[in-house]
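# Structure assessment
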Amino acid sequence: MHEDSCIYAPGVCQLHIDWIKIMDALTHNYVRVAQTSTLEAKGYLVVRVEGQTIALFHHNERIYAVDNRCPHMGFPLHQGSVSNCILTCHWHHARFDLESGGTFDPWADDVRSFPVQIRSGEVWLDLTARLDAKTHARQRLLDGLEQSISLIIAKSVLAGLAEKIEPTEAFQVGLDFGVRYRARGWGAGLTIHTCMMNLLPYLDERDRPRALYHGLAAVAAECAGQPPRFEQQPLPLSGQTKDKLPLE
Ligand code: FES
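Scope of this entry: the structure provided in the associated data block.

The rules behind each value
- Residues numbered from 1 in each chain as written.
- Predicted model: local features only at pLDDT ≥ 70, side-chain atom pairs only at ≥ 80, totals over all residues.
- Helix = DSSP H or I, 4+ residues; strand = E, 2+ residues; numbered from the N terminus.
- Expected span 1.5 Å × (residues − 1).
- Buried ≥ 20, exposed ≤ 12 C-beta atoms within 10 Å, placed from the backbone.
- Arc of directions from axis to C-beta.
- Contact = placed C-beta atoms within 7 Å.
- Pairing = 2+ DSSP bridges.
- Axes fitted to C-alpha atoms, helices over the stretch in contact; angles between N-to-C directions.
- Core = buried A, V, L, I, M, F, W, Y, C linked by C-beta atoms within 7 Å.

Helix length check: helix α5 (residues 167-181), at 15 residues, gives a terminal C-alpha distance of 21 Å against a target of 21 Å (1.5 Å per residue), a fit within 8%. If you check which residues of α5 are buried, you get Ala 170, Phe 171, Gly 174, Phe 177 and Gly 178. Looking straight down α5, one finds its buried side chains confined to an arc of 130°; they lie on one side. The exposed residues of α5 that point more than 90 degrees off its buried face are Thr 168, Gln 172, Asp 176 and Arg 180. Along its buried surface, α5 packs onto α3 (133-147), α4 (150-162), α6 (188-199) and α7 (208-223).

Time to look at the sheet that holds strand β8 (residues 116-119). Spatially, three strands are ordered β1-β9-β8 in an open sheet, and the strand pairing comes out antiparallel. One side of each edge strand has no neighbouring strand; the edge strands of this open sheet are β1 (30-35) and β8. The mean inter-strand angle of the sheet, taken between neighbouring strand axes irrespective of direction, is 35°. Alignment of β1 against strand β9 (residues 122-126), held across five bridges, turns out to be antiparallel. Bridge pairing in β9 links Arg 32 to Trp 124.

Looking along the chain, the bond that leaves Pro 227 and enters Pro 228 is cis, with omega of 0°. You can see Pro 228 is positioned in the segment after α7. Phi at Ser 120 takes a positive value of approximately 50°, unusual for a residue other than glycine. Within the secondary structure, Ser 120 sits in the loop between β8 and β9. With 10 C-beta atoms counted inside 10 Å, the residue Ser 120 sits in the exposed group. A positive phi is found at Ser 148, a non-glycine position, where the angle reads about 50°. When you line up the elements, Ser 148 lands in the loop between α3 and α4.

With that out of the way, let us pick up the nonpolar core. In terms of nonpolar packing, the biggest core is built from 25 residues, with Leu 56, Ala 65, Val 66, Leu 77, Val 123 and Leu 125 touching the most fellow members. Those elements that provide at least two residues to this core are β1, β3 (52-59), β4 (62-67) and β9. If near-sequence neighbours (up to four positions away) are discounted, Val 123 is found in contact with Val 33, Ala 34, Thr 36, Leu 39, Leu 56, Ile 63, Val 116 and Ile 118. Listed in part, the 20 residues of the second largest apolar core include Phe 177, Leu 212, Tyr 213 and Cys 223.

Interpretation note: all reported values are geometric properties and have no functional meaning in isolation.
Written as C-alpha cells, this is what we have:
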C-alpha cells in the first residue's frame, strides 16, 4: 500500500497502513525464503520451507512461487519451462498458470501457488493453507466423472478417504451421476458400481479404495461422450494482487 494511493488524510493514512500490516500479520504466515537478487540472476530457485519444496520463478519482472511437485505425477516443476506466464511440466507437458497455479489440462490438477511479497530485497511467501482438502477431493471426483479420467477418479477416492469422507458419499455421487447422465438408463457400469459398494464391507482395508475406484470409473466410462458436454473449471482466483504489493 503506497501512501499516495490512500484515500485517507496523511496521519490517518499511516494508521490505515499500520492497521493493514497488523491484519496482514494476523491472517497470513509470511516466511522469508530468498534474496531477490539471487533469484533474478538465476531465473528460478528451489527452496525448502516448513516441510514444503517450493519453486520460485522470476518471469516478466515478477516473482512467482508454486509447489515444486507436479500434481500430475510428481515431476519437479523447476525443471519445466515458463513462457507467457504459463509453466509447462517437462514430463507429460501439463500446463499451469503461474499466478494462480490453475491447470489448463484437466488430467493434471491445479498446483498450489503461494502469494509473494518483496520486502527490502527479500522474497517472502505466505504459507497459509488456502484450500479445503475435503472440498477439493469432492470437486475432483466430479471432475473425474465428468471428464471420464480414471487417474483423477483414483486420486480423488484416495484423497477423500484420507480426509475421512465416508465411502458411501463417493458411491452416492457416482450413483447420482450415472442415473442422471447415462442416456440409455441403468447399465453395466452402474451395476459394477453397486456390486463394488456391496462388497466393500467384506474387503481388506487396502482393497476398499480400489473397489470404490473401479465402480466409479465404470460409471464414468459408461457416460463418457454423451450429453451434456461439461465445461472445465475456470482458473482459480489467485487473490494475490494486493498481497504482491510491497508493504514498505
Ligand atoms: S508429471 Fe507433470 S505432467 Fe506428468
